[in-house]
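# Structural overview
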Amino acid sequence: MIRIFSFSVVGLWVLLALFGFMIGESANQVSLESFLAGPNANYLFGTDELGRSVLQRVVLGAQTSLFVALGVVFFSFLIGTSIGVISGYLGGWTDRIITKIIDVFLAFPGLLLAIALAAVLGPGIENVVLALVTVGWVGYARLARAQTLSIRHREHILAARALAVPMPVTLYKHVLPLILAPLGVEATFGVAGAVISEAGLSFLGLGVQPPDASWGNMIKEGTRYLLVAPHLVLAPGIALMLVVLAVNLLGDQWRDYLDVKTRNTKDN
Amino acid sequence: MINYLLRLLGSVILVSWIVGTMVFFLIHLVPGDPVAVMLGDWASPADEQALREQLGLHQPIMTQYWQYLTGLLKFDLGSSLFFQQPVSELIAERFPMTLQLAVMALLVAVLISFPLGIWAALRAGKWPDHLSMTVSLIGVSIPNFWLGPMLILLFSLTLAWLPVSGAEQPFSWVLPAITLGTALAAILARMLRASLLEVLHEDFIRTAQAKGLPPTVVYGKHALLNALLPVVTILGLQLGTLLGGAVITEVVFDWPGLGQLLVESIQRRDYPVVQGCILIISIAYITINGLTELVYAWIDPRIRVQS
C-alpha cells in the first residue's frame, strides 16, 4: 500500500515534469478577465491573480523542483562521494584535513549557508543548485568516508593493491560498488531535502523568479490572497507535501530493506 | 574533564573563526563590484567611492580582513547602509525575539513528540504505533512555509482565535512556534520511539518487571529516563537548527527577529547586516552545539572517560 502510494506519486511527479515541456510559455499567459477564479470545469485548480491556470503552473513547478532535485543530488553525490572515498581510502593527513573540513561544514546551519550563498550569487535556478550543492555534498562525503573505512582492509582490495591496480580503478571498481546502497538511501532523502530547500529559497525570493513557476514562489504569491483564493496556496503546497512524503517513504523502505535485522523481523 | 572542556572550547573558537572568515569573504563572492550591486545602476562614481571607503573595500584584502577580525573582538560588525545604525545594535534588538521563538518552538515540539513517541513505543506494531508514525512522517514532510499560511487560514482568518502576524499581541507566538516546532516534533517522536523500544528490551527492564514494580515505575522511571539520553542530544542540536529554520517562519509571520532582518537586508542589498546576521546565527548555533556536548558528557560518564 505504502509502496504503491510512494511509487505512484513519484511517477506522477516525473510525468508532470515531462508534460511541462508541452505547456511551455502558455502557463505564463495573462488573462485578466478570469483572475482569482476558484476551481472550475475550465481551470481544474482555478486561476491566479493574473488569470493564469494554477494547474499549468503546478506542472511547471514540478519541472523546476525535479530539475533542481536531480541537479543537486547528482552533483552533491558525485563530489561528496569522491571526496569521502578518497579520504577514507588514503587515511593519514589527507583524511584528517578532509574530516576537519567536513566538521566545519557540519558546524554551519545548512539552510543559512544556502541562504547566504543564494543571496550573494543572486537569484536564479542555477545559483540555487550551486548553493544547495555547496551545502549538500557534506552528508555524502561523511557517509562514503565511514563506509570506505569499514571495507578498505577487505581481501579483494588488498589483492587489487598487491596487483598494482591504479587507485582510481580500485576505488571505482572495488570500493564504490560495495558502498553504493547506503549512499543511494542518503540520495533518496537528499531528493526530498532538495525539493523543500528549493521551494524554501524561492519562497524567500532567493530562488526561481517570477514569471517562472516554482512551488515555493507560488506559495509566496498565494499568501497575499489567502482569504479570497486559498487554492493558490493549497495546490502547490499539497503537491510539494505529497512529493516530499512519497520520496521520504521510498527512502524509509529502502533503508528498512537494506537493514537485515528489520527485514528478518518483518519476514517472521 | 578539564582537558575535555579545553578541547571543546578550542574547537568552538576554531570553528567560529573559520565561519567568521567565510562570512568575511562572502561579500567578495558577489558577482562584479559589490558596491555597484549595493547602490544600483544610478549611483554616481563619487557615491560609489564614498561607500567603498565606508566599507573599507578600497584597502588591500589582508588589511580589510585584519580590521574585520579585530572589529569582531570588539563586537563591531560595521554599520547598516539602510538604517545608518551599527549592525551590532540592530542584532541586539532582534536576537532575543529569535531566541524566544526558537525556545517556544522547542517547547511545542516536546509537548507534541513525547506523548506521541511514548504511545507508539508502548503499542509497537499495533495501530497507535502506525498512526503516530504516519503523523510524524507527515510532520517531517510539511514545509514550514506552507504550514504557516495554512495555520493562519484556519486559526486566524476562519476561526479568528489567534493573531495573523507580528509579535505585539499576547498569543502571537503560538502559530509561529507550532509552525517552527512541527518538523522537530516529528523527528523527536520517531527518535524517542526507537530509543524506548531499544531500552524496553534491556535486561534491567525485565528485572524491574519481574520484581513486580508497577508499569508506571517500570516505564516512567527505568525505561523513559534511559531512553531520554539520545533524545536530549538531538534536542540540543536541534535548538541550533531552529535558529536557522526560524528565518522562513519569521518571514511568514512577520516576526521581528533576526531571520526577518536577514531576508529584508538581502532584498535591500545591505550586505554588512547580512554578514552580521549570518555570523551571529552561526556562532549561536556552534555555541549551543558545544553546550549540548557538554551537557551530554555530564549526563553520560562514558563520553568523558572516552575523551
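Residues numbered from 1 in each chain as written. Chains lettered and ligands numbered in written order. Predicted model: local features only at pLDDT ≥ 70, side-chain atom pairs only at ≥ 80, totals over all residues. Heavy atoms only, no water.

Secondary structure summary: chain B contains 13 helices and zero strands in total. N-terminal to C-terminal, the α/β element order of chain B is α-α-α-α-α-α-α-α-α-α-α-α-α. Projected onto its principal axes, the C-alpha coordinates of chain B cover approximately 85 × 60 × 30 Å. Relative to its 307 residues, chain B shows a buried fraction of 48%. Contacts spanning at least 24 positions in sequence make up 71% of the contacts within chain B whose residues lie at least 6 apart. Each charge class in chain B can be summarised by its mean position, and for the 15 positive and 19 negative side chains these summaries are 18 Å apart. (Helix = DSSP H or I, 4+ residues; strand = E, 2+ residues; numbered from the N terminus. Buried < 20%, exposed > 50% of the residue type's maximum accessible area, 1.4 Å probe, protein only. Contact = heavy atoms within 4.5 Å. Lys, Arg positive; Asp, Glu negative; His and termini not counted. Charge placed at Lys NZ, Arg CZ, Asp CG, Glu CD.)

Next up on the list: the interface of chain A and chain B. Contacts between the two partners involve 39 residues from chain A, matched on the other side by 39 residues from chain B. Buried area between chain A and chain B, both sides added, is near 3,400 Å², and the carbon and sulfur share of it is 85%. Of all residues in chain A, the largest losses of buried area upon contact with chain B belong to A:Leu112, A:Val120 and A:Leu204, amounting jointly to 18% of the total for that side. Where chain A packs against chain B, one counts one salt bridge. Two residues, A:Asp252 and B:Arg190, come together in a salt bridge whose shortest N-O distance is 2.9 Å. Linking chain A with chain B are three residue pairs in polar contact (both at pLDDT 80 or more), by the criterion used here. (Buried area = accessible area lost by both parts, 1.4 Å probe. Salt bridge = Lys/Arg side-chain N within 4 Å of Asp/Glu carboxyl O. Polar contact = N/O pair within 3.5 Å; in protein donor to acceptor, adjacent residues only side chain to side chain.)

Here helix H7 (residues 144–158) of chain B is 15 residues long and its end C-alpha atoms lie 20 Å apart, about the 21 Å a rise of 1.5 Å per residue gives. Roughly 30 degrees is the biggest bend found in H7(B), and it falls at B:Ile152. Counting buried positions over the 15 residues of H7(B) gives 11, a clear majority of the element. Every buried residue of H7(B) is listed here: B:Asn144, B:Phe145, B:Trp146, B:Leu147, B:Gly148, B:Pro149, B:Met150, B:Leu151, B:Ile152, B:Leu153 and B:Ser156. In this structure, the buried residues of H7(B) make contact with helix H7 (167–203), helix H8 (215–222) and helix H9 (231–258) of chain A together with helix H8 (174–200) and helix H10 (215–253) of chain B. Just downstream of H7(B), B:Ala160 is the residue with a positive phi angle, here 55 degrees. (Expected span 1.5 Å × (residues − 1). Bend = angle between axes of the 7 residues up to and from the residue.)

With that settled, the discussion passes to the environment of B:Phe75. Residues and elements named next belong to chain B. Assignment of secondary structure puts Phe75 in the loop between helix H4 (61–73) and helix H5 (87–122). On the basis of relative accessible area, Phe75 is assigned to the partly exposed category, the value being 43%. For Phe75, the contacting residues outside a window of four places in its chain are Ser88 and Ile280.

So, on to the nonpolar core. With 136 residues, the main nonpolar core has A:Trp13, A:Leu204, A:Trp215, B:Leu262 and B:Ile278 as its most contacted residues. Here this core takes 13 residues from H10(B), the largest share from any one element. Ignoring sequence-local partners within four residues, the contact set of B:Leu262 consists of A:Leu112, A:Ile115, B:Val247, B:Val274, B:Cys277 and B:Ile278. (Core = buried A, V, L, I, M, F, W, Y, C linked by side-chain atoms within 4.5 Å.)

With that settled, consider the confidence of the model for chain A. Taken as a whole, chain A shows an average pLDDT of 87; of its residues, 96% reach a score of 70 or greater. At the low end of the mean pLDDT range in chain A sits helix H10 (residues 260–267) of chain A, at 56; at the high end sits helix H2 (residues 54–90) of chain A, at 94. (pLDDT = per-residue confidence, 0-100.)

Here the structure, examined in full by the defined rule, presents nine salt bridges over all chains. With its nearest N and O atoms 3.7 Å apart, the salt bridge here joins B:Asp203 to B:Arg206. Of this pair, B:Asp203 and B:Arg206 both sit in helix H9 (residues 203–210), three residues apart, which is roughly one turn of the helix. B:Glu264 is the partner of B:Arg268 in a salt bridge, and the nearest nitrogen-oxygen pair spans 3.5 Å. Its relative accessible area of 29% is what places B:Arg268 among the partly exposed residues. On the basis of relative accessibility, which here comes to 23%, the residue B:Glu264 falls in the partly exposed class. Through salt bridges with shared partners, a single network forms among A:Asp48, A:Arg52, A:Arg57 and A:Glu221.

Here the focus is the layout of surface pockets. Residues and elements named next belong to chain B. If you add up the space inside the second largest pocket, you get close to 500 Å³. Considering the residues around the second largest pocket, the lining is formed by 21 residues, among which Leu55, Tyr68, Leu77, Gly78 and Gln275 are closest to the centre. Residue assignment for the lining of the second largest pocket shows that the elements contributing at least two residues are helix H1 (2–26), helix H3 (45–55), H4 and helix H12 (271–299). For the lining of the second largest pocket, the class distribution of residues is nine nonpolar, 11 polar and one charged. (1 Å grid on protein atoms, 1.4 Å probe; cavity = no way out; pocket = protein on both sides within 12 Å on 5 of 7 lines; lining within 4 Å. Points joined across faces, edges and corners; volume = space filled by probe spheres on them. Nonpolar A, V, L, I, M, F, W, Y, C, P; charged D, E, K, R; others polar.)

Residues and elements named next belong to chain B. Along the polypeptide, Leu57 turns up in the loop between H3 and H4. Sequence separation of Leu57 and Met97 is 40 residues, and the distance between their C-alpha atoms is 32 Å. For Leu57, the residues in contact, after removing those within four places along its chain, are His28, Pro34, Val35, Arg52 and Gln64.

Moving on, we get to the confidence of the model for chain B. Residue-level pLDDT values for chain B average 85, and 97% of them are 70 or greater. Interface confidence for the predicted complex, expressed as ipTM, amounts to 0.86; the pTM equals 0.87.

In this section: the packing of aromatic side chains. Evaluation of the coordinates by the stated rule reveals 11 aromatic pairs over all chains. Where B:Phe155 meets B:Trp161, the ring centres are 6.0 Å apart and the plane angle is 35 degrees; that geometry is what we call tilted. With relative accessibility at 22%, the residue B:Phe155 sits in the partly exposed group. Residue class for B:Trp161 comes out exposed when judged on its relative accessible area of 61%. Here a set of aromatic residues connected by ring pairs shows up, and it is made of B:Phe24, B:Phe25, B:Tyr65 and B:Tyr68. One residue, A:Arg96, lies across the ring of A:Trp93, its end atom 4.8 Å from the ring centre. (Phe/Tyr/Trp six-rings, centres within 6.5 Å; stacked < 30°, edge-to-face > 60°. Lys NZ or Arg CZ within 6 Å of the ring centre and 35° of its normal.)

On to the side chain of B:Ser136, then. All names here are of chain B. Relative to the assigned elements, Ser136 resides in helix H6 (residues 127–141). On the basis of relative accessibility, which here comes to 2%, the residue Ser136 falls in the buried class. Within the local environment of Ser136, its side chain forms a polar contact with the backbone oxygen of Met133, the two atoms lying 3.0 Å apart. Residues within four places of Ser136 in sequence aside, it is in contact with Ala186, Ala189 and Arg190.

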